Amino acid sequence: MALAHMKIGELASHTGSSVETIRFYEKQKLLPSPSRTSGNYRLYDATHVERLQFIRHCRSLDMTLEEVRALLDFRDGPNEDCAGVNDLLDRHIGHVARRIKELKALQGQLKELRRQCSASQSVRDCGILQGLAQGESADAINLGSHTGGCH
């Protein structure tokens, strides 16, 4: 497929992204605005493919949009010093380490909750549901900056 002029659906298919995601990244100014046809269809090129793949890879590493934006800024200034890139990645590694600690604590809480119901019985006697109703598990763990898998 020629990457010279793609419509948004073709870009989505080529990069494994959704059309909505592409539009979101454009709105967030992570992807440059594409040229338009006379019928007002967006036309993307190889630079959009490359940039979108870079963004997707960063996001797969659990980087925030602000981290991605900063890395794109560094990438757009190729002659600059990369110390800022190293600093950003060091901070992200620290975030991941904290998140792993939080997830291990969460796992421990879930295992403890699971131990409250070791046999099949009526729902009214289910120790897991009783434990959840008391809220002990949720209060005992600090989920830090993560809720629902986002940061």
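All values reported here derive from a predicted model rather than from experimental measurement. (Residues numbered from 1 in each chain as written. Predicted model: local features only at pLDDT ≥ 70, side-chain atom pairs only at ≥ 80, totals over all residues. Heavy atoms only, no water.)

(A) Representation of the packing of aromatic side chains. Under the criterion given, the structure shown has one aromatic pair. Here the aromatic rings of F24 and Y25 are separated by 5.9 Å at their centres, their planes lie at 55°, and the arrangement is tilted. For F24, a relative accessible area of 37% puts it in the partly exposed group. K7 extends its terminal NZ or CZ atom over the ring of Y41, reaching a point 4.5 Å from the ring centre. (Phe/Tyr/Trp six-rings, centres within 6.5 Å; stacked < 30°, edge-to-face > 60°. Buried < 20%, exposed > 50% of the residue type's maximum accessible area, 1.4 Å probe, protein only. Lys NZ or Arg CZ within 6 Å of the ring centre and 35° of its normal.)

(B) Local environment of the confidence of the model for the protein. Confidence in the prediction for the protein averages 87 pLDDT; 87% of positions are at 70 or higher. Contacts for the low-pLDDT stretch residues 145-151, under 50 throughout, to residues beyond four places or in other chains number 16 contacts. (pLDDT = per-residue confidence, 0-100. Contact = heavy atoms within 4.5 Å.)

(C) Fine view of the nonpolar core. Counting 19 residues, the largest nonpolar core has L11, I22, Y25, L30, I55 and V68 as its most contacted members. When sequence neighbours within four positions are dropped, the list of residues in contact with I22 reads I8, L11, A12, S17, L31, Y44 and L52. (Core = buried A, V, L, I, M, F, W, Y, C linked by side-chain atoms within 4.5 Å.)

(D) Inspection of the environment of L88 at higher detail. Along the chain, L88 turns up in helix α5 (residues 83-115). Residue L88 is classed as buried on the basis of its relative accessible area, which comes to 4%. Taking the C-alpha atoms as reference, L88 lies 7.3 Å from E67; in sequence the two are 21 residues apart. In contact with L88, other than residues within four places in its own chain, are E67, A70 and L71. (Helix = DSSP H or I, 4+ residues; strand = E, 2+ residues; numbered from the N terminus.)

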